[in-house]
Amino acid sequence: MNAPTGLDFASISERVQSEVQRAIQRSIKGVEYFSSSGPSLGSTPKDILAVRGTMNLYHYRPIADEIYRVPILIVMATTNRGYILDMVPGQSFIEFLLKRGYDVYMLDWTAPKPEEKSLRMEDYVLDFIPDCIRRVQQDSGEKDVSIIGYCFGGVLSLLYGSIFHDGPMKNLICFTTPIDFREMKLFSNFSDRRYFDVDRLIDTTGNMPPELILQSFEMLRPGSRVASQVQLWDNIWNDEYVKAYRMMDRWGTDTLPLAGEYFRAITKDLMWDNKLYNDTMTVGGREAKLADIKVPILHAVAEHDHIVPYDAAKHLIAKIGSSDKEEVVLKGGHVSVVAGANAIKRLWPKLDSWLGKRST
Amino acid sequence: MADKGNDPAVIWQTMIGEMEKGFNSFANQAMTSPEFSKVMNQVGGATAGAQKQLGELMEKYLLAMNLPSRAQMVGMAERIQAIEGQLNEIKALLQQVHHNSLAPESGYGTPRPPRTKRPPSEGEQK
């Protein structure tokens, strides 16, 4: 019933009415937004198996009547908190895994204290991860363990897997894991060795301050913070939108500092010398070659990842030594590929169907 | 329904999206230059040093005022979390000792599900 001019007056009136209602809701909800705290995150019941400095090992309580034989150890990225994988019920990757019958452990990190500035790559790869694997084996009574590494947690898992290639790792799943650091073009430019004096920075600050890490992440999309705030105001009448925004915003800004020596090694070995890609990486004098990893591997990458662009991640499958290997490119960004509505539809079911048959 | 092309709300949202994309793309191009890296690292290095000094100064100030710093509060929160974890462990062990079958939640020491699960056959996959 369009008028000749192409305007439908009845629907315009409805639209105006709805916009007025939204404007009123915005004012009410806007006040609510600032006076209330966000949703409680990371609330899936868990037990703390070990806390050692920056290292935390959790075991999530199984909820299925029957579980797969092989437990999973999730290795979180060292820059962020693990609750991205355990947002709220119905949107929690951990809850999904538990419901599907997996026994789930997580290696999560807390902020390294000033006295932990001397933690090196060796501490993470040759001590923290093997220690957690041992504890998972002991707790579960199983020798085999599947590892899931998210972002830099994936890099640490690859380093662990390539050094302990005869070890207990049964399957490896990497989410958005970079191996060719030259292709992280902006990070590469930010840390250009001609201008970025990592020694001076770390010698001054001790640990790499979280503000600088957050700033460098935000600089990758400098317009997005303002745009997201405008969109938040636009949608502040919509409780679901606000809940999702608060979850992601809280996690996104909850960046952890990095231990000084560890950050120095990341900059020099990976950002400058690209050693993982060039097969020249060593950790504590031990060679870490991707070709030595022979276990089944799944690499999930995001089509629109602005932090780890596809070009930085795409060589992993080619370089890995396994015969059972698969890459899946999924719609979404660096975070939305693993958490949120997209992940529920795409990544999680894919992971379940891949890992289930390799977990018996 | 009104034509989406004429809907001011849709036009506004599209405009914001396009502006964001345009600005990000323009800024990303500018940030790939070596000059940008040079300036950013000069400024960043100086700022990090100044922030460190300011942080230390604030710590001293808070200490003088007999107030905890943010780092101390975060440290305390983490300690409380660890203590809660230990308490949960002790609680579960106590429940196990007393064979408390009415325990509301399972924890350590309580029987765990058998590790016998098999993957669903292809037809059953959802």
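As the structure is a computational prediction, the values presented were derived from the model and not from experiment. (Residues numbered from 1 in each chain as written. Chains lettered and ligands numbered in written order. Predicted model: local features only at pLDDT ≥ 70, side-chain atom pairs only at ≥ 80, totals over all residues.)

Here we take up the overall build of chain B. Within chain B, the regular secondary structure consists of three helices and zero strands. Going from N to C terminus, chain B has its helices and strands arranged as α-α-α. Buried residues in chain B amount to 6% of all 126 residues. (Helix = DSSP H or I, 4+ residues; strand = E, 2+ residues; numbered from the N terminus. Buried ≥ 20, exposed ≤ 12 C-beta atoms within 10 Å, placed from the backbone.)

When we look at burial in helix α14 (residues 347-356) of chain A, the residues that qualify are A:Leu347, A:Leu351, A:Asp352, A:Trp354 and A:Leu355. Against the buried residues of α14(A) lie β5 (145-150), β6 (169-175), β9 (297-302), β10 (325-330) and α13 (341-345) of chain A. (Contact = placed C-beta atoms within 7 Å.)

Residue and element names in this part refer to chain A. Of all the six residues making up β9, six are buried; the element is thus mostly covered by neighbouring parts of the structure. Residues Ile297, His299 and Val301 point to one face of β9 and Leu298, Ala300 and Ala302 to the other, with burial holding for every one of them. Pairing geometry for β6 and β9, over four bridges, is parallel. Bridge assignment links Ile173 to a residue of β9, and that residue is Leu298. Summarising the sheet, β9 and β10 pair through six bridges and their orientation is parallel. (Pairing = 2+ DSSP bridges.)

On to the interface of chain A and chain B, then. Listed by partner, the interface residues are 48 residues for chain A and 44 residues for chain B. Per-element accounting of the side of chain A that touches chain B gives the leading share, five residues, to helix α8 (residues 224-234) of chain A. A per-class count over the side of chain A that touches chain B returns 20 nonpolar, 13 polar and 15 charged. (Nonpolar A, V, L, I, M, F, W, Y, C, P; charged D, E, K, R; others polar.)

A word on the nonpolar core. A:Leu73, A:Ile74, A:Val104, A:Leu107, A:Ile129 and A:Val338 are the most contacted members of the largest nonpolar core, which totals 106 residues. Not counting the four nearest positions on each side in its chain, A:Leu73 is found in contact with A:Tyr105, A:Leu107, A:Cys132, A:Ile133, A:Val136, A:Val145 and A:Ile147. (Core = buried A, V, L, I, M, F, W, Y, C linked by C-beta atoms within 7 Å.)

The subject of this paragraph is the sheet that holds β10(A). Residues and elements named next belong to chain A. Taking strand neighbours across the sheet as the criterion, the eight strands line up as β1-β2-β4-β3-β5-β6-β9-β10 in an open arrangement whose pairing is mixed. The open sheet has two edge strands with one neighbour each: β1 (46-52) and β10. Averaged over all pairs of adjacent strands, the angle between their axes in this sheet comes to 15°, without regard to strand direction. In this sheet, β6 lies alongside β5 in parallel orientation, the contact comprising six bridges. Bridge pairing in β6 places Ile147 opposite Leu172. (Axes fitted to C-alpha atoms, helices over the stretch in contact; angles between N-to-C directions.)

Not every positive phi belongs to a glycine, and A:Cys151 is a case in point at roughly 55°. Mapped onto the elements, A:Cys151 comes out in the loop between β5 and α4 (152-163). Backbone geometry at B:Asn66 places phi at a positive 60°, although glycine is not the residue there. Inspection of the secondary structure puts B:Asn66 in the loop between α2 (34-64) and α3 (70-97).

On to the domain arrangement of chain B. Split by domain assignment, chain B resolves into domain 1 (7-66) and domain 2 (67-97). A separation of 35 Å is found between the C-alpha centroids of domain 1 of chain B and domain 2 of chain B. (Domains from an automatic or database assignment.)

Right, let's get into the packing of helix α3 (residues 121-140) of chain A against α4(A). Residues and elements named next belong to chain A. Between α3 and α4, the least distance of the axes is 9 Å, while the angle of their chain directions is 85°. Taken as axis vectors, α3 and α4 run roughly perpendicular relative to one another. Between α3 and α4, the residues in contact are Tyr124, Val125 and Ile129 and Leu156, Leu159, Tyr160 and Ile163, respectively. For the contact of α3 with α4, a count of residues per class yields seven nonpolar, no polar and no charged. (Parallel < 35°, antiparallel > 145°, perpendicular 65-115°, else oblique.)

Bringing the environment of A:Asp269 into the picture now. Residues and elements named next belong to chain A. Looking at the element boundaries, Asp269 is found in helix α10 (residues 260-272). Sequence-wise, Asp269 and Trp354 are 85 residues apart; in three dimensions their C-alpha atoms are separated by 33 Å. If sequence neighbours within four positions are ignored, Asp269 has contacts with Lys275 and Met281.

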